[in-house]
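Residues per chain, in single letters:
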Amino acid sequence: MGNISPSSDYQTLLFLFEEARFSLKVMKCDKMLTMVLQKFCGLENKAEKFVEPYMKNYAELGNDQLDLMLQITRSNPVSLLKIMKENLKVEAKVLDNSSRYILENLDICKCISDDEHIFEEFFDLMDIVTQSSDLDALFVNKLYRRSMKEFNISRNGNSSAVQSELHLSTSIPHIFCSFEHFRGLLPLECFEVLKESPTVLNLYMLIEGLLMLPYFSQEGLTPKMICEIEETRRQRSWSRISPDFFEHSHPYFKTTLESITKHSKDLISNDESIQRCGTVICPDKIERMSFRLKDLFLTPLSFYFYLEHPKTNHSCDLPGHCGFLLKSRPEMKSGQPFKFTVDLCVDEEEYPNGLHIHPKFVKAEKIHLVPLCSTIDGSQYFHASITWNEHGISRAFSDENSFPWWELGMSELDPFMDVFLTAFVTF
């Protein structure tokens, strides 16, 4: 056993491994296998030297052999995901029994922790591979949900106090972002910087950023600028936006938004983004479609949305409705309303009866929130009021009739007005 080293070739390692397996199977002695496994586990390059070539045709291996591969790679389970990913690329078939066995016994939580990018790439590939089999697709979806839940539990801690506080949530990143970096620029300079800025995470943010500039609100966007936005969308792999985003807009933004709908050929689609309006669950458990604006800044709220995600191929076999749950939490400043945070909840126990999430497809970074407010002129989207607004509620004041008003971004709003929380979900 002393001759196992990083320089040992595959044939040498294979001979020792099979001898140890033979010793266990025929002589019922596991001492040699235990020693071999210890030596293999100590090799820094064990995945490249032995595991990868041994598992080249892993569909032909028995469960006892797969168990040994799981033991050898226990400290680096991502290596098995990589092997399976490459195999699935070539085979491109429904899941075989060996693949299922590995996934059911692999430490996927550690895979997420060690290399979340590989984890996501693997499950993206699994979505493609399982399209022809509803049973395989259901298996993959359940596995993903269970893995993410276990990962969040392990990351956040197991105490019930911590769990009740964190709710296994993921923050929505597209709210109360700073626009300060862009304010000192000339309009055309700002247009160029916005297109390339890492702060801008999707096409909705880019357009709302342009709405922040009075120049474009008055002049609109030229056909050339819209072509440049289309090219930026393709380069940054952004989804197109829902046509509903352009409806119910405030008159101040009408010129800019109409110029986009008039000249755009590659920015708007019903197939890559969809709008959904949330139902609010108040602290008293009463459900309503609308709520008062002030409640969003003063009271923890939950919102549930129905959404049959197209990537489930309309083949979800889970009971109830597909959708997602958002939880908002106010952030006060000196005891006064200021901002709020919004989290996507992935803990199924938090979900109302009859609703479940597909966390593989519905992600926080794919959700863009815009408030739809009831005004004397009808329902209106207040674009950019929470997206580009690092100052939150910057001023609270009363008019000549002593009615309260809040300055929220570029808008002055009645805190008692009815509001709908709308989510634009990209695919």
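Every value quoted in this text rests on a predicted model; they were computed, and no experiment measured them.

**A closer look at the packing of aromatic side chains**
Consideration 1: All told, the structure shown has 25 aromatic pairs when counted by the stated rule.
Consideration 2: Taken together, a centroid distance of 5.2 Å and an interplanar angle of 35 degrees make the contact between Y204 and F424 tilted. Note that Y204 is positioned in helix α13 (residues 203-211) and F424 in strand β15 (residues 418-426), a separation of 220 residues in sequence.
Consideration 3: Classification of Y204 as buried rests on a relative accessible area of 1%.
Consideration 4: Grouping aromatic residues by their ring pairs yields a cluster made of Y204, F245, F246, Y381 and F424.
Consideration 5: Looking at R100, its charged tip hangs above the ring of F139, at a distance of 4.5 Å from the centre.
Consideration 6: It is R395 that lies over the ring of F397; its NZ or CZ is 4.1 Å from the centre.

**Examining the confidence of the model for the protein chain**
Consideration 1: On average, residues of the protein chain score 85 in pLDDT, and 93% of them are at 70 or above.
Consideration 2: Counting contacts from residues 158-168, a segment whose pLDDT is below 50, to residues more than four positions away or on other chains yields 21 contacts.

**What about the packing of helix α2 (residues 31-41) against helix α4 (residues 63-72)?**
Consideration 1: One way to put it is that α2 packs onto α4 with a least axis distance of 9 Å and a crossing angle of 45 degrees. Relative to α4, the element α2 is oriented oblique. Residues L33, L37, F40 and C41 of α2 touch α4, and the partners they reach there are L68, Q71 and I72.
Consideration 2: Considered class by class, the residues forming the contact of α2 with α4 number six nonpolar, one polar and no charged.

**Re the nonpolar core**
Consideration 1: F17, F50, M55 and M69 are the most contacted members of the largest nonpolar core, which totals 48 residues.
Consideration 2: Look past the residues within four positions of M55 in its chain and what remains in contact with it is L61, L66, M69, L80, I83 and I102.
Consideration 3: F303, W406, V419 and F427 belong to the second largest nonpolar core, which has 43 residues in total.

**Notes on the pairing of strand β10 (residues 367-375)**
Consideration 1: Burial within β10 is extensive, with seven of its nine residues counted as buried.
Consideration 2: In the sheet, β10 pairs with β15 via seven bridges, with the strands oriented antiparallel. Residue pairing for β15: P371 is matched across the bridge by L421.
Consideration 3: Pairing geometry for β10 and strand β11 (residues 378-381), over four bridges, is antiparallel. Paired with L372 across the bridge in β11 is Y381.
Consideration 4: The antiparallel pairing of β10 with β11 creates a hairpin that spans two residues between the two strands.

Analysis parameters
- Per-chain numbering applies: the sequence of each chain, read as written, is numbered from 1 onward.
- With pLDDT at 70 or above as the cut-off, local features in this predicted model cover only qualifying residues; side-chain atom pairs require 80 or more to be listed or tallied, and sums for whole chains, interfaces and linings still use all residues.
- Derived side-chain values reflect all non-hydrogen atoms in the structure, with water molecules and hydrogen atoms excluded from consideration.
- Centre distance within 6.5 Å is the pairing criterion for rings of Phe, Tyr and Trp, where only the six-membered ring of Trp is used; planes under 30 degrees apart are then read as stacked, over 60 as edge-to-face, and the remainder as tilted.
- Note on conventions: DSSP H or I runs of at least 4 residues are helices, E runs of at least 2 residues are strands, and numbering of each starts at the N terminus.
- The buried label goes to any residue with under 20% of its type's maximum accessible area, the exposed label to any with over 50%, and the partly exposed label to all in between, with areas taken from a 1.4 Å probe on protein chains only.
- Note on geometry: a ring has a charge over it if NZ (lysine) or CZ (arginine) is within 6 Å of the ring centre and within 35 degrees of the ring normal.
- One number per residue, pLDDT, summarises how confident the predictor is, and it ranges from 0 to 100.
- What makes two residues a contact is simply this: any of their non-hydrogen atoms within 4.5 Å.
- Every axis corresponds to a line fitted to the C-alpha atoms, with the helix fit spanning only the stretch in contact, and the corresponding angles, defined between N-to-C directions, vary from 0 to 180 degrees.
- Under this scheme an angle from 65 to 115 degrees is roughly perpendicular, one under 35 degrees roughly parallel, and one over 145 degrees roughly antiparallel; angles in between are oblique.
- Each residue gets one of three labels, nonpolar for Ala, Val, Leu, Ile, Met, Phe, Trp, Tyr, Cys and Pro, charged for Asp, Glu, Lys and Arg, and polar for the others, Gly among them.
- Note on terminology: a nonpolar core comprises buried Ala, Val, Leu, Ile, Met, Phe, Trp, Tyr and Cys residues joined through side-chain atoms within 4.5 Å.
- In this description, strands pair whenever DSSP reports at least two bridges between them.

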